[in-house]
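# Coordinate analysis (summary)
Each chain, letter by letter, is given below.
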Amino acid sequence: EDGYDLWLRYQPLSGASQSLCDPAVDLSGPVAQGVQLQAQRSATVDIAVAELHRGLASLFRCESQKPTILLARTDQLSGKEAQFSEGLRGQMAGSYRLATMADGRILIAANDDIGLLYGSFGLLRHLQTDSANQKLDQLAIPALPLRLLNHWDNPDRGVERGYSGESIFDWWHLPDHLDPRMIDYARANASIGINGTVVNNVNASPIMLTPRYIAKLQRLADAFRPYGIRVYLSVRFSSPRELGGLDSADPLDPKVAAWWKSKADEIYAAIPDFGGFLVKANSEGQPGPQDYGRTHADGANMLATAIGDRGTVIWRAFVYQSSAETDRVKLAYEEFKPLDGKFADNVILQVKNGPLDFQPREPFHPLFGAMPHTRMMLEVQQTKEYLGFATHLAYLGTMWTEVLDANTGHGKNGHLTVADTIVSGGMAGVSNIGSDRNWSGSHFDQANWYAFGRLAWDTSLSADAIAREWAAQTFSRNPQFLNVTVKMMHDSRQAVVDYMTPLGLAHQMATGHHYGPGPWVNDLERPEWNPAYYNRADKSGIGFDRTKNGSDALGQYAPSVASGWSDPHTMDEDYLLWFQHLPWNFRTQSGRTVWEELVARYDRGVAKTHEMQREWAALAPYVDAQRYQDVADDLKVQAREAQWWRDASVSYFASRCECDLPAGATAPPHDLQWYEALNFPDAPGHK
Ligand code: BDP
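Predicted model, so just to flag it, every value in this text is computed and none were measured.

Our focus in this paragraph is the overall build of the protein chain. Looking only at helices and strands, the protein chain features 19 helices and 14 strands. On C-alpha atoms alone, the protein chain measures out to a radius of gyration of 26 Å, which is about the 26 Å that the 2.2 N^0.38 rule sets for 687 residues. The dimensions of the protein chain, computed from C-alpha atoms along their principal axes, are 80 × 65 × 50 Å. By residue count, 62% of the 687 residues in the protein chain fall in the buried class. In the protein chain, the share of contacts with a sequence separation of at least 24, taken over all contacts with a separation of at least 6, comes to 73%. Of the accessible surface of the protein chain, which amounts to about 24,800 Å², a share of 49% is contributed by carbon and sulfur atoms. Looking at the protein chain, you have 63 positive and 82 negative side-chain charges, and the mean spots of the two groups are 3 Å apart.

The structure is reproduced here in C-alpha cells:
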C-alpha cells in the first residue's frame, strides 16, 4: 500500500454486506458477471462495465455472481422500468439514477454514456461506504457544468508551487508514448465527476500552442475522452507576437483576432471537443489587453469569438497592482465589477475563493454575487501553497464549504450563496497531483483532490460527509477509525489557521517559498508582497483597517454582509484582524486582550498538532504499516513546524507591541534575529 490506488481500493466487504453474491435472483438476457447492459456499447460504456466488474469482484469476492446490476440508458428503458427515467429528463450531462428494482436488481440509469460511468462509480462508492444491503434510490445531478482541474505544470515538467514531484504530463515523450498513468489519472478524475483539465500553468509558455504541442495534446485528449474529460489550455496573451510574428497582441487589431481564430481552428481540427482557453492576463507580469489600453472584456471577447460555440474562455480575475496607499484586496473588484454584462456568453470569470491569494482563511471574494450578468467560476487551491504544502495535514473540505455556503447578501431576498453564483460556471481546483507515487505528495492530500471533485459535483455536501466516505474508501471502514479520522480532518485546517495566521491575519509567509513564517518581511519590491503590509503591527496595534475609516474594502460587500464585519466587538473573530486595526489591549470576546488572544490561538494551533499525532498513533491497528508511518512522519514535522510558526510570530509581534508575554505563555527558545535569519532556498516550490 503506497497510496497509488487512491480511494479506488475496493477492499472486500465483510459478512452481512455480501448480498450481491446471493444466488436468489435469476435473470435471462445478455449477462456478464453480474452486469446486464441495456445500452449501445461505446468506449465509455465499456469502461463502466469493466469498472463494475473490477469493483464488484474485489468487494464481494464471490465466484459466481448473479446478474444483479442493470446498466441502462434511459432511452432503452421500457415498460415498468421506464419510471426510473423520471427525474433524469432534461438534466445536465452525466446525471444518473441508482435504484433497487422490484426484482432486487440494482439499476444504474442515465441519459448518456458518461452518466452510466459516473453512476457505476457512484454505486461502487455507495457499496463501500453505506450498507450494501440498503435499498437504493438516488438521483445524482451535477450542481455545476464545469468541474476542472487546473494544473500549474510547465512543459519541462516543473510545477509552479507544486509539491508532489514533477508534472504527471510527460510532454517530451508525447505523442508517441502515452504513459499508462494517464489512464489511471482519467479514471480517478472520472470517479469523482471531474470533467475537464487545464493541462498547463497559468503563467503559460507560448510553446503550448505550437503544432508540436497540439499533437501531444491530441494524444491526451483521445485518452481522456472516454472518461468524459475535456482538455483545456492556459494561453499566453502575447502569443500572436511570440509565435505568429505579429508586432502586436492588441485584441482589437484584426490581424491579432485572425491569428487566434486560425489557432483555434487548428486546435479544433485535432481535438473536436477541446474545452477552451484559460487566461491569466495583466497579472504578476503576464501580458494582457491592458498593454494596449484595452479592457479585460476586450481581451476575453476576442478570444471568445475565435473559439465560438465550440468551447469556453475562462478569464481569471486574479489581478492586482497596488501601491502603499491602495489595498490589494480591493483591486480585482474595482477592475471587474464595471465589466459586468460586457463579457460574451462563452466567457467565464474565474475568481479565487478570497480576495487575496489562497490564504489559510480569507473572507469570500466580494465579486461573488456582485456580477449577476457574468458567468462565474470559483477557483480553489488544492496545492496548499500557503498551508504547509504537502507536509502539513490540512483537509480543505471545510475551507471550501465555508466559502460555498457563505451568503453574499446579494440576490432577491438578500440570500445568495457563493455556490448559487457559480451554477452557470463551475469550480476549478489548482491541482496537487504530481509524479509522486501517492499522487499528491502525502496520503491525506489525496482527500483534497477527492473533496474538490465531490463538491464540484454537489456543492451542498458536508465536508465531514466527504471526509468520511474518502477515509472509508482510502483506509478503513472501521467506525472507530472513521470517527477519529474525520475529527482530525475536520479540525486540521483550523489548526493551520491558528498556528500560521490566527484572528484574520494573512500573508505572513516568508519570501520565495511561502512555507515558513516571515511576519517581519518589509523590504520587497512591491508593497503588497510584504507580510508587514498585511499585519500592520506597531506599538499602537495590529491588523488592517478595512472599515470606512480605513481602506473600506468592506464597502465592496453587500450591506448586510459588511455590517456583520464592521463592529470588532461583535463580529466573527476569525476575520477580526482582516477587517480591523485594533490596539493590543482591545478586549476580545473571550475577555482576553488582542495580544493575549493572539498568543492563545497560536498555542491552540500547536496543541492541536500534538493531539493529531496522538489520535493518529491510536489508529495504527487500522492502517497498513507503510501509509501509517508516512502519515506519522508528516505529523511529526507538522508539530515541529507549527511550534516554529508560533515562536517566530510571537517573537515578532512581541517586539512590535513591546509587550511581555501573556501570563503562562512559554517564551520562544530563540530571539527574533534567529528566526529572521532562517532561510530555505531549497524549499519545494521556491521561486
Ligand atoms: C500565487 C502563486 C503564484 C501563481 C499565482 C496565480 O504564488 O505562483 O502564479 O498565485 O494564481 O499564489 O496566478
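Here the focus is the packing of helix 13 (residues 479-500) against helix 17 (residues 594-618). Axis separation between helix 13 and helix 17 bottoms out at 8 Å; the angle between their running directions is 155°. The orientation of helix 13 with respect to helix 17, classified from their angle, is roughly antiparallel. For the element pair helix 13 and helix 17, the recorded crossing hand is left-handed. Contacts from F481, V484, K487, M488, D491, S492, Q494, A495, D498, Y499 and M500 of helix 13 reach helix 17 at R601, Y602, R604, G605, V606, K608, T609, E611, M612, E615 and W616.

Let us look at the environment of R230. Relative to the assigned elements, R230 resides in strand 9 (residues 230-235). Among the residues examined, R230 registers a relative accessible area of 31% and is labelled partly exposed. Distance from R230 to L278, taken between C-alpha atoms, is 13 Å for residues 48 residues apart in sequence.

Compared with the 16 Å implied by 1.5 Å per residue over 12 residues, the 17 Å span of helix 11 (residues 446-457) between its first and last C-alpha is a close match. Listing the buried residues of helix 11 in full gives Q446, A447, N448, W449, Y450, A451, F452, G453, R454, L455, A456 and W457.

Right, let's talk about the packing of helix 9 (residues 397-405) against helix 11 for a bit. Two numbers describe a pair of packed helices, the interaxial angle and the distance between the axes. Helix 11 packs onto helix 9 with a crossing angle of 25° between their chain directions and a minimal axis gap of 9 Å. By the angle between their axes, helix 9 is roughly parallel relative to helix 11. In this structure, helix 9 crosses over helix 11, and the sense of that crossing is right-handed. Packed against helix 9, whose contacting residues are G397, W400, T401 and L404, the element helix 11 presents N448, A451, F452 and L455 at the interface. A breakdown of the residues in the contact of helix 9 with helix 11 according to their chemical character gives five nonpolar, three polar and no charged.

The next thing to look at is the packing of aromatic side chains. Within the structure shown, the criterion is met by 43 aromatic pairs. On the numbers, 5.8 Å between centres and 5° between planes, the contact of W616 with Y628 is stacked. Linking W616 in helix 17 with Y628 in helix 18 (residues 625-657), this pair joins segments that are 12 residues apart in sequence. Accessibility classification places W616 together with Y628 in one group, the buried group. The ring of F318 carries the charged tip of K352 above its face, separated from the ring centre by 3.2 Å.

As a further point, take the pairing of strand 4 (residues 96-100). A large share of strand 4 lies buried, amounting to five of its five residues. The pairing of strand 4 with strand 5 (residues 106-110) spans five bridges and is classified as antiparallel. For Y96, the partnering residue across the bridge sits in strand 5 and is A110. Between the antiparallel neighbours strand 4 and strand 5 lie five residues, among them G104 with a positive phi of about 95°. Where strand 4 lies against strand 6 (residues 137-140), four bridges are found, and the strand directions are antiparallel. By the bridge assignment, Y96 is partnered in strand 6 with A140.

On to the nonpolar core. Among the nonpolar cores identified, the biggest contains 215 residues, and W315 and W616 are the most heavily contacted of them. No other element matches the 13 residues that helix 18 contributes to this core. Dropping the residues within four chain positions of it, W616 is found in contact with F444, F475, F481, M488, V623, R627, Y628, V631, A632 and L635. Core analysis: the next-biggest nonpolar cluster, separate from the first, contains nine residues, L70, L77, F84 and A99 among them.

Let us now look at the state of the cysteines. Counted according to the given criterion, the structure contains one disulfide. One disulfide in the model links C657 with C659; its S-S distance is 1.6 Å. Its S-S torsion of about -55° marks the bond between C657 and C659 as left-handed, since a negative value means left-handed.

Let us now look at a nonpolar patch on the surface. Taken together, W674, L678 and F680 make up a surface patch of nonpolar side chains, about 250 Å² in accessible area. Among the secondary structure elements, F680 is positioned in the segment after helix 19 (672-677). Taking the relative accessible area as the measure of exposure, F680 reaches 32% and is therefore partly exposed.

Okay, the pattern of salt bridges next. Scanning the model with the defined rule gives 44 salt bridges in all. A salt bridge links R225 to D222; its shortest N-O distance comes to 2.9 Å. For E266, the salt bridge goes to K263, with nearest N and O atoms at 3.0 Å. Of this pair, E266 and K263 both sit in helix 6 (residues 254-270), separated by three residues, roughly a single helical turn. Owing to a relative accessible area of 8%, K263 belongs among the buried residues under this scheme. Each of R361, E402, R493, E573, D574, R592, E597 and R601 takes part in one network of salt bridges that share partners.

A word on the site of the ligand. Near the ligand lie 14 residues; those nearest to it are E160, K280, K352, D357 and E385. The separation between an oxygen atom of the ligand and a polar side-chain atom of K280 is 2.6 Å. D357 is positioned with one of its side-chain polar atoms (N or O) 2.6 Å from an oxygen atom of the ligand. Burial of the ligand by the protein amounts to 97% of the accessible area it has alone, namely 320 Å².

What counts, and at which threshold
- Along every chain, residues carry numbers that run from 1 in the direction the sequence is written.
- Where totals are concerned, whole chains, interfaces and linings use all residues; where local detail is concerned, this predicted model gives features only for residues with pLDDT of at least 70, and gives and counts side-chain atom pairs only at 80 or more.
- Water and hydrogen atoms play no part in the side-chain values, which are based on all heavy atoms of the structure.
- Counting from the N terminus, the helices are DSSP H or I runs at least four residues long and the strands are E runs at least two residues long.
- Radius of gyration: C-alpha atoms only; globule rule: 2.2 Å multiplied by the number of residues to the exponent 0.38.
- Exposed residues in this analysis have more than 50% of their type's maximum accessible area, buried residues have under 20%, and partly exposed residues fall in between, with area computed by a 1.4 Å probe over protein chains only.
- Should any heavy atoms of two residues lie within 4.5 Å, those residues are considered in contact.
- Accessible areas in this description were obtained via Shrake-Rupley with a 1.4 Å probe; residue shielding takes into account the shown protein chains only.
- Residues scored as charged are limited to Lys and Arg (positive) and Asp and Glu (negative), so that His and the chain ends carry no count.
- Note that the charge is assigned to NZ on lysines, CZ on arginines, CG on aspartates and CD on glutamates.
- Axis definition: a line fit to C-alpha positions, over the contact stretch in the case of helices; interaxial angles, taken between N-to-C directions, run 0 to 180 degrees.
- Angular relationships are summarised with four words: roughly parallel below 35 degrees, roughly antiparallel beyond 145, roughly perpendicular across 65 to 115, and oblique for the angles in between.
- Left-handed describes a crossing in which the near helix is turned anticlockwise from the far one by less than a right angle; the clockwise case is right-handed.
- In this scheme, a helix's expected span is set at 1.5 Å multiplied by one less than its residue total.
- Residues are grouped as follows: Ala, Val, Leu, Ile, Met, Phe, Trp, Tyr, Cys and Pro are nonpolar; Asp, Glu, Lys and Arg are charged; every other residue, Gly included, is polar.
- Aromatic rings from Phe, Tyr and Trp, taking only the six-membered ring of Trp, are treated as a pair when their centres fall within 6.5 Å; an angle between ring planes under 30 degrees marks them as stacked, one over 60 as edge-to-face, and anything in between as tilted.
- Charge-over-ring placement is defined geometrically: NZ (Lys) or CZ (Arg) within 6 Å of the ring centre, and within 35 degrees of the ring normal.
- Here, a strand pair is defined by DSSP locating no fewer than two bridges between the strands.
- Residues belong to a common nonpolar core when they are buried Ala, Val, Leu, Ile, Met, Phe, Trp, Tyr or Cys residues joined through side-chain atoms within 4.5 Å.
- Put simply, a disulfide is two cysteine sulfurs that come within 2.5 Å.
- Patch membership needs two things, relative accessible area over 30% and no salt bridge, and members are linked within 9 Å if like-charged or within 5 Å if nonpolar (Val, Leu, Ile, Met, Phe, Trp, Tyr).
- The term salt bridge refers to a pairing of a side-chain nitrogen on Lys or Arg with a carboxyl oxygen on Asp or Glu at a separation within 4 Å.
- By convention in these notes, a residue is near a molecule or strand provided one of its non-hydrogen atoms lies within 4 Å of it.
- Polar contacts, as used here, are pairs of N or O atoms within 3.5 Å; protein pairs need one atom able to donate a hydrogen and one able to accept it. Residues neighboring in sequence count only if both atoms are side-chain atoms.

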